[in-house]
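# Remarks on the overall topology
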Amino acid sequence: MASPDLTIDLSAIVTNWKALDRMTGASVETAAVVKADGYGLGADRVVTSLRRAGARSFFVAIAEEGPAIRRAAGPDAKIFVFGGHMDGDAPILAEHGLIPLLNSGQQVKRHLASLPDHPLGLQIDTGMSRLGMSSREFASLRHMIDPRGTQLVISHLACSDNKSDKRNQAQLAAFRKLTAGFPAPRSLSATGGILLGPEYHFDMCRPGIGLYGGAPFLNATPVVSLDAPVIQTRELSVGDYVGYGADWTAKRVSRIATIAAGYADGLHRVMGSGSSFSCWVGDIRCPVVGRISMDLITIDITDIDGTPERVQVLNEHQTIDDLAAVAGTIGYEILTTLGQRFRRRYIGG
Ligand SMILES: *Cc1c(COP(=O)(O)O)cnc(C)c1O
């Protein structure tokens, strides 16, 4: 088989959800963010596992992601849509019972006009300037909305991955002030906000990345591992070169293995020769040599006895956050760009 195997440990996702849930009070609901196909890991499997573990609410980015979540979560789960109610969304929201988090006066009017009896939530901006109605907009609209019919009011923190950033407290204060006297359930925190402490938890927290084993939840149980088959190996003499641009030249007699994964699989080209990216055979590190190609990576296996059939790309030695550091990005982007053509194996489900 020439397909890399992405192994997804569903019981680790459940463990992470429970660990995050325990960090919040008994009256605080812990939901699960499953946008972008569960951060690339397969939303149907993730939702089924978390639902069984007790999760009752799920979040997606756009309405089109909702039907698959509804199928996996069953009729009683709540499914919220961060993007709110866009033009043309009414049928899909109605048919699948999705709750839009209305982001603007325009969305509120659209929702009340097209689906007056359908549940809604609100998203207000407390400083991030990305999604959500401004404080002024909320003040002018709140008389139109029945707080008792409002399922949830949310805002989102811009800097929650940095505990000492003063903007966290400023957003917290703004959220409190804006929602005062509006008796609907409130939610401010994603993974980072849960770690900031109880005053950030309100009625519901909505972690994403922490479920999937990524920073800023540093005590997370790892969720993904990845191994890839070796297609070919060869012996190099001193002076032989490897890959496009002849970026790497053997300084010793070397053995090189060619692996079936590349930048088309989210193993970014910046992770080539000269970076700390490696593959692993058990505990032995095999550094990348030469440039990463679209479908292929070359590694130095000189220090390995014999010829491995497969090598590990993500394991306990090299996590999604390690890859992110090499690639100058974040674990979120590594997860969501990991090969769609990889075979996915689910364990612990
Ligand atoms: C993606 C997202 C989350 C989840 O964030 P994590 O950092 O992955 O926990 C929560 N709320 C909103 C508004 C989001 O866009």
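Let us look at the structure shown here. Note that this is a predicted model, so its numbers are computed, not measured.

Rules behind the numbers
Residues numbered from 1 in each chain as written. Predicted model: local features only at pLDDT ≥ 70, side-chain atom pairs only at ≥ 80, totals over all residues. Heavy atoms only, no water. Helix = DSSP H or I, 4+ residues; strand = E, 2+ residues; numbered from the N terminus. Buried < 20%, exposed > 50% of the residue type's maximum accessible area, 1.4 Å probe, protein only. Contact = heavy atoms within 4.5 Å. Areas by Shrake-Rupley, 256 points an atom, 1.4 Å probe, with all protein chains shown as cover. Lys, Arg positive; Asp, Glu negative; His and termini not counted. Charge placed at Lys NZ, Arg CZ, Asp CG, Glu CD. Near = heavy atom within 4 Å. Polar contact = N/O pair within 3.5 Å; in protein donor to acceptor, adjacent residues only side chain to side chain. Nonpolar A, V, L, I, M, F, W, Y, C, P; charged D, E, K, R; others polar. Phe/Tyr/Trp six-rings, centres within 6.5 Å; stacked < 30°, edge-to-face > 60°. Axes fitted to C-alpha atoms, helices over the stretch in contact; angles between N-to-C directions. Parallel < 35°, antiparallel > 145°, perpendicular 65-115°, else oblique. Left-handed = near helix turned anticlockwise from the far one by under 90°. Pairing = 2+ DSSP bridges. Disulfide = S-S within 2.5 Å. Core = buried A, V, L, I, M, F, W, Y, C linked by side-chain atoms within 4.5 Å. Arc of directions from axis to C-beta.

## A look at the overall build of the protein
Regarding its fold elements, the protein presents 11 helices and 19 strands. Among the 349 residues that make up the protein, the fraction classed as buried is 53%. Taking the contacts inside the protein whose residues are at least 6 apart along the sequence as the reference set, 65% of them involve residues at least 24 apart. Only carbon and sulfur atoms are counted for the fraction: they give 51% of the accessible area of the protein, which is about 15500 Å². Counting 35 positive and 35 negative side-chain charges, the protein places the centres of these two groups 6 Å from one another.

## Brief notes about the site of the ligand
Neighbouring the ligand are 13 residues, the closest being Lys 35, Tyr 39, Thr 191, Ile 209 and Tyr 332. At a separation of 3.4 Å, a nitrogen atom of the ligand approaches a polar side-chain atom of His 156. The contact in question runs from an oxygen atom of the ligand to an N or O atom on the side chain of Thr 191, over 2.5 Å. Taking 390 Å² as the accessible area of the ligand by itself, protein coverage stands at 92%. Within the shell around the ligand, the residues separate by chemical class into seven nonpolar, three polar and three charged.

## Here we look at the packing of aromatic side chains
The full count for this structure, using the stated rule, is six aromatic pairs. A centroid spacing of 5.1 Å and a plane angle of 20° characterise the contact between Phe 59 and Phe 82, whose relative ring orientation is stacked. On the criterion of sequence distance, the pair formed by Phe 59 in strand S4 (residues 57-60) and Phe 82 in the loop between strand S5 (78-81) and helix H5 (90-96) is long-range, its members being 23 residues apart. Phe 82 shares its class with Phe 59; the two are buried. Three or more aromatic residues link up through ring pairs in this structure, and these residues are Tyr 39, Tyr 212 and Tyr 332.

## Some thoughts on the packing of helix H1 (residues 10-22) against helix H3 (residues 43-53)
One can describe the packing of H1 onto H3 by two numbers: an axis separation of 9 Å at closest approach and a directional angle of 50°. Judged by the angle between their axes, H1 and H3 are oblique. Once H1 is placed against H3, the crossing between them reads as right-handed. Taken together, the residues of H3 that come into contact with H1 (itself represented by Leu 10, Ile 13, Val 14, Trp 17 and Lys 18) are Arg 45, Val 46, Ser 49, Leu 50 and Ala 53. For the contact of H1 with H3, the per-class residue count stands at seven nonpolar, one polar and two charged.

## Notes on the sheet that holds strand S3 (residues 32-33)
Pairing is parallel in the open sheet, where seven strands are placed in the order S3-S4-S5-S6-S7-S8-S9. The open sheet has two edge strands, S3 and strand S9 (186-187), and neither has a second partner. Two strands pair when backbone bridges link them, and strand S6 (residues 98-102) and strand S7 (residues 120-123) are joined in this way by two bridges, in the parallel orientation. Within the sheet, the bridge partner assigned to Leu 101 lies in S7 and is Gly 121.

## Quick notes on the state of the cysteines
A full pass over the atoms with the stated rule returns zero disulfides. There is no disulfide at Cys 279, and the cysteine sulfur nearest it, in Cys 286, is 7.1 Å away. With a relative accessible area of 0%, Cys 279 lands in the buried category.

## What to know about the pairing of strand S14 (residues 254-259)
Taken across its six residues, S14 has six buried, putting it largely inside the fold. Alternating positions in S14 separate into two faces, Ser 254, Ile 256 and Thr 258 on one and Arg 255, Ala 257 and Ile 259 on the other, with burial throughout. Of the pairings in the sheet, the one linking strand S11 (residues 224-236) to S14 comprises six bridges and is antiparallel in character. Within S14, the position partnered with Gln 232 by the bridge is Thr 258.

## As for the side chain of Ser 57
On the secondary structure map, Ser 57 appears in strand S4. With a relative accessible area of 2%, Ser 57 lands in the buried category. In this structure the side chain of Ser 57 is engaged in a polar contact, spanning 2.7 Å, whose partner is the side chain of Glu 29. Apart from the residues within four sequence positions on either side, Ser 57 is in contact with Glu 29, Ala 31, Ala 32, Lys 78, Phe 80 and Met 204.

## Some details on the environment of Ala 174
When you line up the elements, Ala 174 lands in helix H8 (residues 166-179). Note: C-alpha distance between Ala 174 and Val 34 (140 residues apart in sequence) is 27 Å.

## Some details on the nonpolar core
Leu 50 and Phe 58 are the most contacted members of the largest nonpolar core, which has 80 residues in total. Beyond its immediate stretch of four places on either side in the chain, Leu 50 contacts Ile 13, Val 14, Trp 17, Ala 32, Ala 55, Phe 58 and Leu 211.

## Some remarks on H3
All buried positions along H3 are accounted for by Ala 43, Val 46, Val 47, Ser 49 and Leu 50. Buried residues of H3, viewed axially, fall in a sector of 165°; they line one side. The elements touched by buried residues of H3 are H1, S3, helix H2 (35-39), S4 and helix H4 (66-73). Phi turns positive, to about 120°, at Gly 54, one or two residues after H3.

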